[in-house]
Amino acid sequence: MALLPPRALDGVRVLDLSRILAGPTATQMLGDLGADVIKVERPGSGDDTRGWGPPFVKTEAGEDSDLSAYFLCANRNKRSIAIDLATPAGADLIKRLAAKADIIIENYKPGDLDRRGLGYEALRHVKPDLIWCSISGFGQTGPYADRMGYDFLVQAMGGIMSVTGQPDAKGGEPTKVGVAIADVVCGLYAAIGLLAALRHRERTGEGQAIDLSLYDTQLSWLINVATNHLVSGKEPQRLGNRHPNIAPYQTVRVADGFIVVAVGNDDQFRRFVTELGLPELADDPRFRRNRDRIQAIDALEALLLPALAQDSVAGWTARLTACGVPAGPVASVGQALSDPHTLAREMVVSVPGPAGVGPLKLLGNPLKLSATPITYDQPPPRLDAHRGAILQDWLDLPEAEQAAIAAAGAFGPGA
């Protein structure tokens, strides 16, 4: 029998007390890298996103399962157990699991777990080298610490909506990004922070707490838009699909649709206008340098669009790519997921479903690791599907003790 390849986080145990998207994104990444991730869910309903549908995955009997498409996106490579943290038996079980964990990640409202005796200060006494990550809307400190935070709200308060959408002059309004990007980026920051904390513990034996907020990470990925303001003092404006610092770097209408043209330097601009049959624009003082093109973008666009209207999406994509100008179609989600390059890069994967559910198609992990490749060992779990296995693997509890814990209410009424 062939040996399975090693995985980067083999042996790392993660107790996941998070729900919805930011925390689950982080723990899915850790699970993809080989960590043993235990997802603790509310008895009866589980993670909120189990109900965020339709669509839902159908059971083999043709009924809706508790696996919404939203839940699928961030919960593979985990095992599920339902525990009622509000009961003494449930809280005690969390402490026992914490004693075996390397990492705990949670996104309760600041102070909630502390009031239950399950916060960092309490559990670090159970496991002194524990690595703890708290994800909240606005952080554990500061004037907004007590506010609830959701992706949409944080996109608004964190500045990204003010620069997303069409300009005022075109009747635009502040617009959110089409996916919950504040949650996703926060989850990625959490994974990075947890890997750094593991490295620190490896060198020193010391655990630590990570305080991470949607708001802070939202601000962090304003990147050049924020530094433009910090350098100039000017408020960035909504530009539609134009770029504030590069031109032409935008969507353009062609004969049968839209393409993106991403001209990143002056040499590319010369090749671009030459392919359009307008080579004289490369030496026009209004357009010779990128900084000039930014100032004269309206005049430049008025000259480019008639030429671009003469060919199709496929035609311009092929012609511009051939001459070294980055360009491509504005694909629908379905087109992007079925693109031959997407499939070649294994960015859509098929995994066996959990009991009672057929195979699932999921987004792949973009990390391509040569020595410790990503594997998809666990499909997104049904609620509480792994209770017995978790209690056996982590705590070595015999069935009689598991039954006694259940009778004490740890797993919810009637469990």
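Residues numbered from 1 in each chain as written. Predicted model: local features only at pLDDT ≥ 70, side-chain atom pairs only at ≥ 80, totals over all residues. Heavy atoms only, no water.

A. Main features of a nonpolar patch on the surface. A contiguous nonpolar surface patch, about 310 Å² in accessible area, is contributed by M148, Y150 and L153. Counting through the fold element by element, Y150 comes out in the loop between β7 (131–136) and α6 (151–157). Accessibility expressed as a relative area gives 44% for Y150, which makes it partly exposed. (Patch = residues over 30% accessible without salt bridge, like charges linked within 9 Å, V, L, I, M, F, W, Y side chains within 5 Å. Areas by Shrake-Rupley, 256 points an atom, 1.4 Å probe, with all protein chains shown as cover. Salt bridge = Lys/Arg side-chain N within 4 Å of Asp/Glu carboxyl O. Helix = DSSP H or I, 4+ residues; strand = E, 2+ residues; numbered from the N terminus. Buried < 20%, exposed > 50% of the residue type's maximum accessible area, 1.4 Å probe, protein only.)

B. Layout of the sheet that holds strand β8 (residues 208–213). Pairing is parallel in the open sheet, where six strands are placed in the order β5-β2-β1-β6-β7-β8. The two strands at the open ends of the sheet, each matched to only one other strand, are β5 (79–82) and β8. Across this sheet, the average inter-strand angle for adjacent strands is 20 degrees, counted without regard to direction. Pairing of strand β2 (residues 36–41) with β5, which is carried by four bridges, proceeds in the parallel orientation. (Pairing = 2+ DSSP bridges. Axes fitted to C-alpha atoms, helices over the stretch in contact; angles between N-to-C directions.)

C. Broad picture of the environment of Q155. Residue placement: Q155 occurs in helix α6. Separated by 21 residues in sequence, Q155 and K176 have C-alpha atoms that sit 6.6 Å apart. Apart from the residues lying within four places of it in its own chain, the contact partners of Q155 are I160, M161, K176, V177, V179, I181, A182 and Q218. (Contact = heavy atoms within 4.5 Å.)

D. Fine view of the pattern of salt bridges. Under the criterion given, the structure shown has 29 salt bridges. Between R50 and D66 there is a salt bridge whose closest N-O contact spans 3.1 Å. Within this pair, whereas R50 is found in the loop between β2 and β3 (56–58), its partner D66 is found in strand β4 (residues 64–68), the two being separated by 16 residues in sequence. Relative accessible area serves as the criterion here: at 4%, R50 is assigned to the buried category. Between K127 and D129 there is a salt bridge, with the nearest N and O atoms lying 3.5 Å from each other. Take K127: its relative accessible area is 15%, and that puts it in the buried class. For D129, a relative accessible area of 22% translates into the label partly exposed.

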